[in-house]
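Topology and contacts: notes
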Amino acid sequence: MHFGFQTVTEEERREKIYQVFENVAKKYDVMNDSMTLGIHRVWKDILVHKMNPCPGTLLLDVAGGTGDIAFRFINYVRSVRQRQLQRKLKHHQNLSWQEIFESYQKDEFNSLGDSQVVVCDINREMLKVGKQKAEHLGYSEGLSWVLGNAEELPFDDDKFDVYTIAFGIRNVTRIDLALQEAYRVLKPGGRFLCLEFSHVSNPLLSRLYDLYSFQVIPVLGEVIAGDWRSYQYLVESIRQFPPQEELKVMIEDAGFFKVDYENLNFGIVAIHSGFKL
Amino acid sequence: MWCLSGLFGSRVGPALYPLLRVVSKGNQQYPPLRALQASAVLRRASDEHKKEPLASSSQQHFDSPPAGHQPEQKPQGPHPSYTGQGGQESEDYESEEQLQHRILTAALEFVPEHGWTAEAIAEGAKTLGLSVAAAGMFRSDGSELILHFVSECNSKLSELLQKEQKLVQLGEAEKKPIDEFLRDAVEARLRMLIPYIEKWPQALSILLLPRNIPSSLNLLTSMIDDIWHYAGDQSTDFNWYTRRAVLTGIYNTTELVMMQDSSPGFEDTWRFLGNRVADAMAMSSTASQVQSTGEAVVQGLMGAAVTIKNLAGLNQRR
């Protein structure tokens, strides 16, 4: 088993990764911004846009730690719901104010349209940071925080509409198990989305990227988070992760159909998508 | 198509793969076969005859009892679908395309309410027992839904014209004169838009997006071809193009008139259609008149030229 460029057993790997994220949890968001120069926000936005969730969607965000995808999902669904309600009101402009008030009571105009997101992470520290962030930013309804392992999810079969894992599958020790679990908990017709660092094929860009990764990022890690090793692990793990086509085959092996991937920034990041059909 | 549906059928465990390679020598072009597993939704082709709605997902699984537990890698002994021997695998499971087809057909019901959008597709997927996320298989602007609808309408028109032609051949109906035939065909086709007429302008604008123009143009021209074929058009000369251009013009303009027609039963539109077809008929006779007039004029000019040459003494032979 590999931990970055080291070789370790599976158990050791899980432990080491747990410690990495325990250490970085508090500075996770700050480090993301400084390493990617804020571009990770765009990547996550693109992921949620690609998902295009409609109100009533049940999302499982695995390795969702600090809640970035969950918050974006809620914002998106909220605005879609607003538009839906506006269109409904336009149709029903002959309702009396009493009828409108009654429909509030019946909760017909709920702002999220019954959408829900479950944030699942293996690391307690990351979930803590996520919960604090949610409070701070004012997200309350539609969110649930669950401690769980992607290789063995504590959920029942056929439950979720969408399963996302953003920058998390790289840290899973047995990727095939995680993919099988994803298949299991998704409803038929459900969608699997994976946002992850991937391989850059362009040679010039690849050299620049390598330079940046190995020379700049661990230094930033030391300066900002006081933790060189964790960020060294991070850039090494990116190199060890299977490239786009290989991951696509793995996803197909787990049973997903219509598996496809979209490269962002020339392959620095890729979004893989599959459907449980 | 058969190799494509092979891709989408069930998959074979990695252990069997070397065995299959020996068996299927001619199939090196296939990508690696996938792990054997029950597909959650893609139905066996035989089930389609029973027309069972895909109500509860777990009920439709082919191997596991609906007790809730889905073993991940269950070898599919009795299913010969993915033998890799060519030809056999296409029959057993419906392909992804057929499933998409079903979802789009189900989605049409929700178009009057939601428009030609991903929401309508999501609602359609829901009625089939799928998650709303299945709408992610299609583009978010709804263009695939519209193209599906147009292609369905064209098929229906084709069937209708074929039936009529059969009746004429059997002698049970009179062969219609050409203008009446065209008028009825275009009217029948446009009537199929009536349930969706409110959202049709949106659909037209989406069909005009550069990305969709090749497909929408293709559908339009094949429909016009169809109509002329059943009208008995056998020409292979220049007239073929003019006839199609004329009918395309008639169809498009009538469609646009229909969009903003508020008369009862769209009678204004049908009157407009009748007038345009009459114009087209008159135009073709005018065209032949113009041609013969043109020929006469040319002959007159030739005659005048010869006369002048004679007068000038240029035609004399010595």
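Every value quoted in this text rests on a predicted model; they were computed, and no experiment measured them. (Residues numbered from 1 in each chain as written. Chains lettered and ligands numbered in written order. Predicted model: local features only at pLDDT ≥ 70, side-chain atom pairs only at ≥ 80, totals over all residues. Heavy atoms only, no water.)

Side note on the confidence of the model for chain A
The share of residues in chain A with pLDDT of 70 or more is 97%, and the mean pLDDT across the chain is 89. When the elements of chain A are averaged for pLDDT, helix α5 (residues 97-105) of chain A gives the smallest value, 75, and strand β3 (residues 58-62) of chain A the largest, 96. (pLDDT = per-residue confidence, 0-100. Helix = DSSP H or I, 4+ residues; strand = E, 2+ residues; numbered from the N terminus.)

Section: the UniProt feature "domain: Ubiquinone biosynthesis protein COQ9 HTH" (unreviewed entry) in chain B
According to UniProt, the positions carrying the feature "domain: Ubiquinone biosynthesis protein COQ9 HTH" (unreviewed entry) are residues 96-126 of chain B. The straight-line gap between the two end C-alpha atoms of residues 96-126 of chain B is 17 Å; of that span, 81% is helix and 0% is strand. (UniProt positions renumbered as here; feature names shortened; annotations may be inferred.)

Focus: unusual backbone geometry
Residues and elements named next belong to chain A. Notably, N52 is not glycine yet its phi reads approximately 45°, a positive angle. On the secondary structure map, N52 appears in the loop between α3 (39-51) and β3. Non-glycine residue F167 carries a positive phi angle of around 55°. Secondary-structure assignment places F167 in the loop between β6 (160-166) and α7 (175-185). Using a relative accessible area of 10% as the deciding quantity, one classes F167 as buried. (Buried < 20%, exposed > 50% of the residue type's maximum accessible area, 1.4 Å probe, protein only.)

Some points on the domain arrangement of chain B
Residue and element names in this part refer to chain B. Segmentation of chain B into domains returns domain 1 (95-140) and domain 2 (143-308). Distance from the C-alpha centre of domain 1 to the C-alpha centre of domain 2: 31 Å. With 15 residues of domain 1 in contact, the opposing surface of domain 2 contributes 16 residues. Here domain 1 and domain 2 share an interface that buries about 1400 Å² over both sides, 64% of which is from carbon and sulfur atoms. There are 0 salt bridges connecting domain 1 and domain 2. Counting across the interface, domain 1 meets domain 2 through 7 residue pairs in polar contact (both at pLDDT 80 or more). Contributing elements (two or more residues each) for the side of domain 1 that touches domain 2: α5 (96-107), α6 (111-114) and α7 (118-127). Here the side of domain 1 that touches domain 2 takes 4 residues from α5, the largest share from any one element. Counted by class, the side of domain 1 that touches domain 2 contains 9 nonpolar, 4 polar and 2 charged residues. (Domains from an automatic or database assignment. Contact = heavy atoms within 4.5 Å. Buried area = accessible area lost by both parts, 1.4 Å probe. Salt bridge = Lys/Arg side-chain N within 4 Å of Asp/Glu carboxyl O. Polar contact = N/O pair within 3.5 Å; in protein donor to acceptor, adjacent residues only side chain to side chain. Nonpolar A, V, L, I, M, F, W, Y, C, P; charged D, E, K, R; others polar.)

A closer look at the UniProt feature "binding site: S-adenosyl-L-methionine" (unreviewed entry) in chain A
Residues and elements named next belong to chain A. Annotation from UniProt places "binding site: S-adenosyl-L-methionine" (unreviewed entry) at T66, D121, N149 and A150. Take D121: it is sitting in strand β4 (residues 116-121). Overall, the relative accessible area of 6% leaves D121 in the buried class. Setting aside anything within four residues of it in sequence, one finds D121 in contact with A63, G64, G65, M126, L127, V146, L147 and G148. Here G65 takes part through its backbone nitrogen, which lies 2.8 Å from a polar atom of the side chain of D121. Residues contacting A150, with those up to four places away along its chain left out, are V62, Y163, V172, A178 and E181.

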